[in-house]
Amino acid sequence: MPVVICVGGQWGDEGKGKVVDLLAESAEMVIRSQGGNNAGHTVVTGGREFRFNLVPAGILHPATTCVIGNGVVLDPKVLLDEIEGLVAAGADLGNLVISERAHMIMPYHPVLDRYEEEARGDDRLGTTYRGVGPAYSDKVRRIGFRVGDLGKPRFLEKKLNFVLPLKNAVLERLYGAPPFTVDAILAEFTDYARRLRPYIRDPFPLVQGALAREERIILEGAQGTMLDLDLGTYPYVTSSYPSAGGALAGAGIGPRHVTTTLGVLKAYTTRVGYGPFPTEQEGALGTHLREQGHEYGTTTGRPRRVGWFDAAVARYGVQVNGIDAIALTKLDVLDGIDPVRVCIGYRSKGVAHAHPMANISHLKHCEPVYEDLPGWPGPISAVRRYPDLPPAARGYVERIEELVGAGITHVSVGPDREQTILRSAGR
Ligand code: IMP
């Protein structure tokens, strides 16, 4: 019963897509467990680039069933565009399954997302404006629309007649915005229903069948632990549960099936949007990391905030998720930087802290405590065996293992599938 949870250990964008794509080669199923089209990544293989927002990265392996799980919120229009883009790039989507339990981002959700953000003023979160927060809020309020509703036009109409007045009241009275009409949404969603029908089903029997046959299943998380609604830097978080517990709920799989929780950590830290980021670097080093690491949002194109590796954040991620193996990505981006700094904890108001504090104001104003490690000149992007890495690069990897409390099994040194060092294949 080898279920592997693939979880982001920082603020998202750790390179989970590449890692999932790699693991999917030997997996029968990949389930995307939460988040929406706020996420995005690119997989490069054989010189071709494939862009993903909602479809699990495993789709590039024709024998792997890829499920968009019940914990996801999806914008049908964005999903259809993505499907078309992937097909045009040469992917076969015959193995794609969309859970009828997944919720949909309705046309009013992105509009409300933008107005709510603007209304927050200086306290805005920096959302992706994709309507993810409003869609999850409606799910919890039990006024959400699920993918399975697409096949029930009369139910859709009845429910829209109840929900739309609630939404329009806010849009018109609070924000002076134009209302949505039932007829227009029905027409739009009738078309989506027709085009998405081949993919929509209840994945329950498929998942249970795979578990019974002890097939390998990868749970693909989106975002990262520090953006988790409960465990992250609230309120500067997303509206779902990117942690390991969220992956299980979002896929409909119980914990006894899990064999490995693989944490994906970038060799430095990035964050998009607002909120505390103790190791942030804004000067020349920040620009260097952003350019070397191509740190621009896949979904929004926003420049990502960048900084040193924060071992206190990573250790927290290892502990709250039960991470027992780590994939360390983008080590090559640190080529030529000397020394390389690692944050090992914080000081706030004269008190030392070993993990990120729940008090956001303390985390915002704390002082990171750094350890300096020797750098290496590089380039390391052509290295494929661990012993062939420069000693200082190995020293960095091994010090991170010590600091965060879990072993690093994969080291990524470039965007291509091939640019991956497996530690087991030569420590
Ligand atoms: P939302 O998920 O669009 O509501 O945005 C909430 C916060 O999560 C913002 O700071 C976003 O920048 C951040 N966020 C959402 N999705 C991702 C992602 O895939 N990678 C990194 N940050 C994300």
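Residues numbered from 1 in each chain as written. Predicted model: local features only at pLDDT ≥ 70, side-chain atom pairs only at ≥ 80, totals over all residues. Heavy atoms only, no water.

K.L.:
I would appreciate a short explanation of the pairing of strand E3 (residues 41–45) in the present structure.
P.N.:
The two faces of a sheet get side chains in turn, since along a regular strand they alternate between them. A one-sided burial pattern is seen for E3, the buried positions being His 41, Val 43 and Thr 45 and the unburied ones Thr 42 and Val 44. In the sheet, E3 pairs with strand E4 (residues 48–52) via five bridges, with the strands oriented antiparallel. Residue pairing in the sheet places Val 44 in a bridge with Glu 49 of E4. With antiparallel pairing between neighbouring strands as the criterion, E3 and E4 make up a hairpin whose turn holds two residues, including Gly 46 at a positive phi of roughly 55 degrees. (Buried < 20%, exposed > 50% of the residue type's maximum accessible area, 1.4 Å probe, protein only. Helix = DSSP H or I, 4+ residues; strand = E, 2+ residues; numbered from the N terminus. Pairing = 2+ DSSP bridges.)

K.L.:
In this structure, what is going on with the site of the ligand? I would like to understand it.
P.N.:
The immediate surroundings of the ligand are formed by 15 residues, with Asp 13, Asn 38, Thr 128, Thr 238 and Arg 302 found nearest. One of the side-chain N or O atoms of Asp 13 is found 3.2 Å from a nitrogen atom in the ligand. Contacts to the ligand include Asn 38, whose side-chain N or O atom sits 2.9 Å from an oxygen atom. Look at the ligand: alone it shows 470 Å² of surface, and the protein chains cover 96% of it. For the shell around the ligand, a count of residues per class yields six nonpolar, seven polar and two charged. (Near = heavy atom within 4 Å. Polar contact = N/O pair within 3.5 Å; in protein donor to acceptor, adjacent residues only side chain to side chain. Areas by Shrake-Rupley, 256 points an atom, 1.4 Å probe, with all protein chains shown as cover. Nonpolar A, V, L, I, M, F, W, Y, C, P; charged D, E, K, R; others polar.)

K.L.:
Whenever I open this one, the side chain of Asp 149 confuses me. Can you help?
P.N.:
Within the secondary structure, Asp 149 sits in the loop between helix H4 (132–141) and helix H5 (153–175). Not counting residues up to four positions away in its chain, the partners in contact with Asp 149 are Gly 144, Phe 155 and Leu 156. (Contact = heavy atoms within 4.5 Å.)

K.L.:
What am I meant to see in the environment of Ala 91 here?
P.N.:
Following the sequence through the fold, Ala 91 ends up in the loop between helix H2 (76–88) and strand E7 (96–99). Ala 91 gets classed as buried once you look at its relative accessible area, which sits at 11%. A sequence separation of 86 residues divides Ala 91 from Ala 177, and the C-alpha atoms of the two residues are 40 Å apart. If we skip the residues at most four places from it in the chain, Ala 91 touches Phe 50, Leu 60 and Leu 86.

K.L.:
How should I be thinking about the packing of H2 against helix H6 (residues 182–196) in this particular structure?
P.N.:
Think of two packed helices as two axes; the pair is described by the angle between the axes and how far apart they sit. Interaxial distance between H2 and H6 falls to 10 Å at its minimum, and their mutual angle equals 40 degrees. Taken together, the axes of H2 and H6 are oblique relative to one another. For the crossing formed where H2 meets H6, the hand is left-handed. On the side of H2, the interface is formed by Pro 76, Lys 77, Leu 79, Leu 80, Ile 83 and Glu 84, while H6 contributes Phe 189, Tyr 192, Arg 195 and Leu 196. Taken together, the residues of the contact of H2 with H6 break down into seven nonpolar, no polar and three charged. (Axes fitted to C-alpha atoms, helices over the stretch in contact; angles between N-to-C directions. Parallel < 35°, antiparallel > 145°, perpendicular 65-115°, else oblique. Left-handed = near helix turned anticlockwise from the far one by under 90°.)

K.L.:
Is there a simple way to think about the sheet that holds strand E2 (residues 29–32) in this case?
P.N.:
Two strands in a sheet stick together by hydrogen bonds in their backbones, pointing the same way (parallel) or opposite ways (antiparallel). Read across the sheet, 10 strands follow the order E9-E7-E5-E2-E10-E1-E11-E15-E19-E20 without closing on themselves; strand pairing throughout is mixed. Bordering the open sheet on either side are strand E9 (200–201) and strand E20 (420–422), each of which pairs with just one other strand. Taken together, the four bridges between E2 and strand E10 (residues 217–220) define a ladder with parallel strand orientation. Bridge pairing in E10 places Ile 31 opposite Leu 219.

K.L.:
Just checking my understanding: could you explain the pattern of salt bridges for this structure?
P.N.:
Two side chains of opposite charge can pair, provided their charged atoms sit close to one another. Within this structure, the stated rule accounts for 20 salt bridges. With a closest N to O distance of 2.9 Å, Lys 330 and Glu 295 form a salt bridge. In this pair, Lys 330 sits in the loop between strand E15 (325–329) and strand E16 (340–348) while Glu 295 sits in the loop between helix H9 (284–292) and strand E13 (305–307), placing the two residues 35 residues apart along the sequence. A residue is classified by how much of its surface remains accessible, and Lys 330, at 24% relative accessible area, is partly exposed. Here Glu 295 falls in the buried class, since its relative accessible area comes to 0%. Ionic pairing is found between Asp 372 and Arg 341, a salt bridge with its closest N-O pair at 2.8 Å. Of this pair, Asp 372 sits in strand E18 (residues 367–373) while Arg 341 sits in strand E16, placing them 31 residues apart in sequence. When its relative accessible area of 31% is taken as the criterion, Arg 341 is described as partly exposed. Overlapping salt bridges bring together Asp 13, Lys 266, Glu 295, Arg 304 and Lys 330 as one network. (Salt bridge = Lys/Arg side-chain N within 4 Å of Asp/Glu carboxyl O.)

K.L.:
Would you explain helix H12 (residues 391–404) in this entry?
P.N.:
For the α-helix, the turn length of 3.6 residues means that residues three or four positions removed from each other point alike. Taking 1.5 Å per residue as the helical rise, H12 with its 14 residues ought to reach 20 Å, and the 20 Å between its terminal C-alpha atoms agrees with that figure. Along H12, the residues classified as buried are Ala 392, Ala 393, Tyr 396, Val 397, Ile 400, Glu 401, Leu 403 and Val 404. Among the structural elements, strand E14 (309–310), helix H10 (311–321), E15, E16, E18 and strand E19 (408–412) are those in contact with the buried residues of H12. Once H12 ends, the next one or two residues include Gly 405, with phi positive near 85 degrees. (Expected span 1.5 Å × (residues − 1).)

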